[in-house]
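Below, each chain spelled out in residue letters.
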Amino acid sequence: MPNPLTSGQAPPATLDTVGLVDQRLGDAGPSGSASILEDGDTDPWALPQLKDTSQSWKELSVAGRVLHVAIGFLKACGLLGSLYLFICSLDILSSAFQLLGSKVAGDIFKDDVVLSNPVAGLVIGVLATVLVQSSSTSSSIVVSMVASRLLTVRASVPVIMGVNVGTSVTSTLVSMAQSGDRDEFRRAFGGSAVHGIFNWLTVLILLPLESAAGPLERLSALALGAASLQPGGPAPDILKVLTRPLTHLIVQLDADVITGSATGNATNRNLVKRWCGTRGQMTAGNSSACGAAAGGPCPGRNSSGAPGPEEQLPCRHLFAGTALTDLAVGFVLLAASLLVLCTCLVLVVKLLNSVLRGRVAQAVRTVLNADFPFPLGWLGGYLAVLAGAGLTLVLQSSSVFTAAVVPLMGVGAISLERAYPLFLGSNIGTTTTALLAALASPSDMLPSAVQVALIHFFFNLAGILLWYVVPVLRLPIPLAKRFGDLTARYRWVAVAYLLLSFLLLPLAAFGLSLAGGAVLAAVGGPLGVLALLVFLVTVLQRHRPAWLPGRLRSWAWLPLWLRSLEPWDRLVSHCCPCKACSPPQAAAKEAHCYENPEVLASQQL
């Protein structure tokens, strides 16, 4: 009887065989199956090959060419329109978070006893930026408090570090929209994580150093003393000019209420603007267009924001005459902006996938990931840093820039190694924007505003010197890749990271700081030492196991739920039986094996 394995026909794959293959493939999705084989040659982080299945231009008829051009034009218009609505939805999302948490953020900044603790100051900066979704708003609060002598420059340094960390939450939220495809999600979430990891690593180095010696405060004071400051005009805001016609029809906010809550000048005014001008003359401070229309400060408004002696004009936006509270308006805007943001992001990703094919994809990748020939290959990364800083300066928003880069990483147009310097340049660009805004401050607030902006600049510059200049020390890249691989296998880890890094852990640290510095040190100190020991033992297990005692050469002696995510994954899959959380079905597994005959042939049947 002939051996069926050596005959011309292969036996049909059974579910047992499929299970064996699935154990090797892990939790891979059907789109990127070959890229995550443990013993394969394909790098899962390599840019995918986007094949062009359409006909070439020479093969098309005249009607086909006209149709091709028309479809390309419509795709370009759809892409630009989706990007515009995406940016506007980010602006509305920021307004929604300000309505929900602005006064809370202002009240957080009030407690100068808590702010004297560096760890508490760092946590407050993170929480305030997450609440208002705007590093510019958080920085302006810090500047106002320093100028009002409610906060010292030394105490403001940890808060500025927290503001820098909190601004990376936007790109993390954007990456969640690409969780439908595991390979895209791996690249997108790894790109958003590399930004947050860079910020956290920089904080871990500079926060203890700043608490001990204050180098950032001294360096900023030295730079401030060497410069002759003159108040300048307001910084240009190109992006707001484009988005304001649409966003101001939806909602307008009074940013003075947030700053007033932090500086102790709080009033009972609503954050949603009701009055935007007077008959013939605009009111002061309650409208961003007031100064531009009147050519200077606008009189005619009392401190409570009620109508003054002159006839005031109501604002013309969707919530101007509503009886809803700020909290209710915030919830409505939050739901609507998230819906529009996710819809636009899905459209952008789909359009990019359809456009970035064949020669177009090759041209885009060549431009975005280009490197200089040897021995000048190192220049490409530094030019990417300058490009990120310049684009952020033009857009006047680091959140918009990073949120635009993350989808491009997901579809495979930008590599993680090239996105990393772009994000670093974005950090520098947003500090330049803050510095220009500080130079527009009044004369009494000018030195404080400029010094806080310089501290922010030197913090990010020190981070680049630490984690980019020396190639061996570019630790955020391998850490982000490992994190991206983990979230591609267990996609719920991304939600856990988002909640733990930007909400639960900062809230826990803030609660402990309210109990006093001694309580925070007594609880956080041992936990920090334990985390450091676990990290060191894990590194030695991988590279120098002979240096460890036999018991510590592996974590096999720990319970499974302490050394593996499998039990947690089963729990999450049981509680969340959705397609994104559950493993592929048996039919998908069988088709997956037929698509990979090399994998099937390598199994012992």
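Residues numbered from 1 in each chain as written. Predicted model: local features only at pLDDT ≥ 70, side-chain atom pairs only at ≥ 80, totals over all residues. Heavy atoms only, no water.

Engineer: Let's hear about the environment of G191: which residues, and what values?
Structural biologist: Tracing the backbone shows G191 in helix α8 (residues 182–213). In this structure G191 comes out as buried when scored by relative accessible area, which is 0%. A C-alpha to C-alpha distance of 7.5 Å links G191 and Y420, two positions 229 residues apart in sequence. Other than its neighbours up to four places away in sequence, G191 contacts M409, L416 and F423. (Helix = DSSP H or I, 4+ residues; strand = E, 2+ residues; numbered from the N terminus. Buried < 20%, exposed > 50% of the residue type's maximum accessible area, 1.4 Å probe, protein only. Contact = heavy atoms within 4.5 Å.)

Engineer: Requested: an account of the packing of aromatic side chains, with residues and values cited.
Structural biologist: Applying the stated criterion to the full structure yields 12 aromatic pairs. Where F189 meets F483, the ring centres are 5.6 Å apart and the plane angle is 55 degrees; that geometry is what we call tilted. One end of the pair, F189, is in helix α8; the other, F483, is in helix α19 (residues 476–489), and 294 residues separate them in sequence. No difference in accessibility class separates F189 from F483, as the two residues are buried. On the basis of an interplanar angle of 50 degrees and a centroid distance of 6.2 Å, the ring pair of Y490 and W492 is categorised as tilted. An identical accessibility class is assigned to Y490 and W492; each is buried. (Phe/Tyr/Trp six-rings, centres within 6.5 Å; stacked < 30°, edge-to-face > 60°.)

Engineer: How would you sum up empty space enclosed by the protein? Please name residues and give values.
Structural biologist: Taken as a whole, this structure holds 2 cavities of 30 Å³ or more when the rule is applied. Computed from the structure, the largest cavity encloses a volume of approximately 50 Å³. What lines the largest cavity is simply W45, L47, R187, M409, I414, S415, L416 and E417. Each residue belonging to the lining of the largest cavity can be placed in one class, and the counts come to 5 nonpolar, 1 polar and 2 charged. (1 Å grid on protein atoms, 1.4 Å probe; cavity = no way out; pocket = protein on both sides within 12 Å on 5 of 7 lines; lining within 4 Å. Points joined across faces, edges and corners; volume = space filled by probe spheres on them. Nonpolar A, V, L, I, M, F, W, Y, C, P; charged D, E, K, R; others polar.)

Engineer: Could you give an account of a nonpolar patch on the surface, with specific residues and numbers?
Structural biologist: A cluster of nonpolar residues, V495, L499, L500, L503, L504, L505 and L507, forms a patch on the protein surface that exposes about 580 Å² of accessible area. Its location among the elements puts L499 in helix α20 (residues 492–514). (Patch = residues over 30% accessible without salt bridge, like charges linked within 9 Å, V, L, I, M, F, W, Y side chains within 5 Å. Areas by Shrake-Rupley, 256 points an atom, 1.4 Å probe, with all protein chains shown as cover. Salt bridge = Lys/Arg side-chain N within 4 Å of Asp/Glu carboxyl O.)

Engineer: Tell me about the nonpolar core, residues and numbers included.
Structural biologist: In terms of nonpolar packing, the biggest core is built from 99 residues, with F86, M161, L333, Y420 and F502 touching the most fellow members. In terms of residue count, helix α18 (residues 446–467) provides more of this core than any other element does, 12 residues in total. Beyond its immediate chain neighbours, meaning those up to four positions away, Y420 contacts V194, F198, W467, Y468, R474, P476 and I477. Core analysis: the next-biggest nonpolar cluster, separate from the first, contains 5 residues, V123, I124, L127 and A509 among them. (Core = buried A, V, L, I, M, F, W, Y, C linked by side-chain atoms within 4.5 Å.)

Engineer: Can you lay out the packing of α8 against helix α16 (residues 398–410) for me, pointing to particular residues and giving the numbers?
Structural biologist: Viewed as axis vectors pointing N to C, α8 and α16 meet at an angle of 145 degrees, and their least axial separation amounts to 7 Å. α8 and α16 meet at a crossing whose hand is right-handed. Where α8 abuts α16, its residues E184, R187, A188, G191, S192 and H195 lie against T402, V406, M409 and G410. The class makeup of the residues in the contact of α8 with α16 is 3 nonpolar, 5 polar and 2 charged. (Axes fitted to C-alpha atoms, helices over the stretch in contact; angles between N-to-C directions. Left-handed = near helix turned anticlockwise from the far one by under 90°.)

Engineer: Before we move on, can you summarise the pattern of salt bridges with the specific residues and values?
Structural biologist: Taken as a whole and assessed by the stated rule, the structure comprises 5 salt bridges. A salt bridge links R154 to E217, with the nearest nitrogen and oxygen atoms 3.4 Å apart. Taken together, the positions of R154 in helix α6 (residues 153–166) and E217 in helix α9 (residues 215–226) put the pair 63 residues apart, joining distant regions of the chain. Accessibility expressed as a relative area gives 40% for R154, which makes it partly exposed.

Engineer: Can you break down the confidence of the model for the chain residue by residue, with the values?
Structural biologist: On average, the chain scores 74 in pLDDT, and the residues at 70 or more come to 71%. The element-level mean pLDDT for the chain is lowest in helix α1 (residues 15–25), coming to 38, with α19 highest at 91. Note that residues 1–40 has pLDDT below 50 and, in this model, 53 contacts with residues that lie over four places away or in other chains. Counted against residues more than four places away or in other chains, residues 281–308, with its pLDDT under 50, gives 53 contacts. (pLDDT = per-residue confidence, 0-100.)

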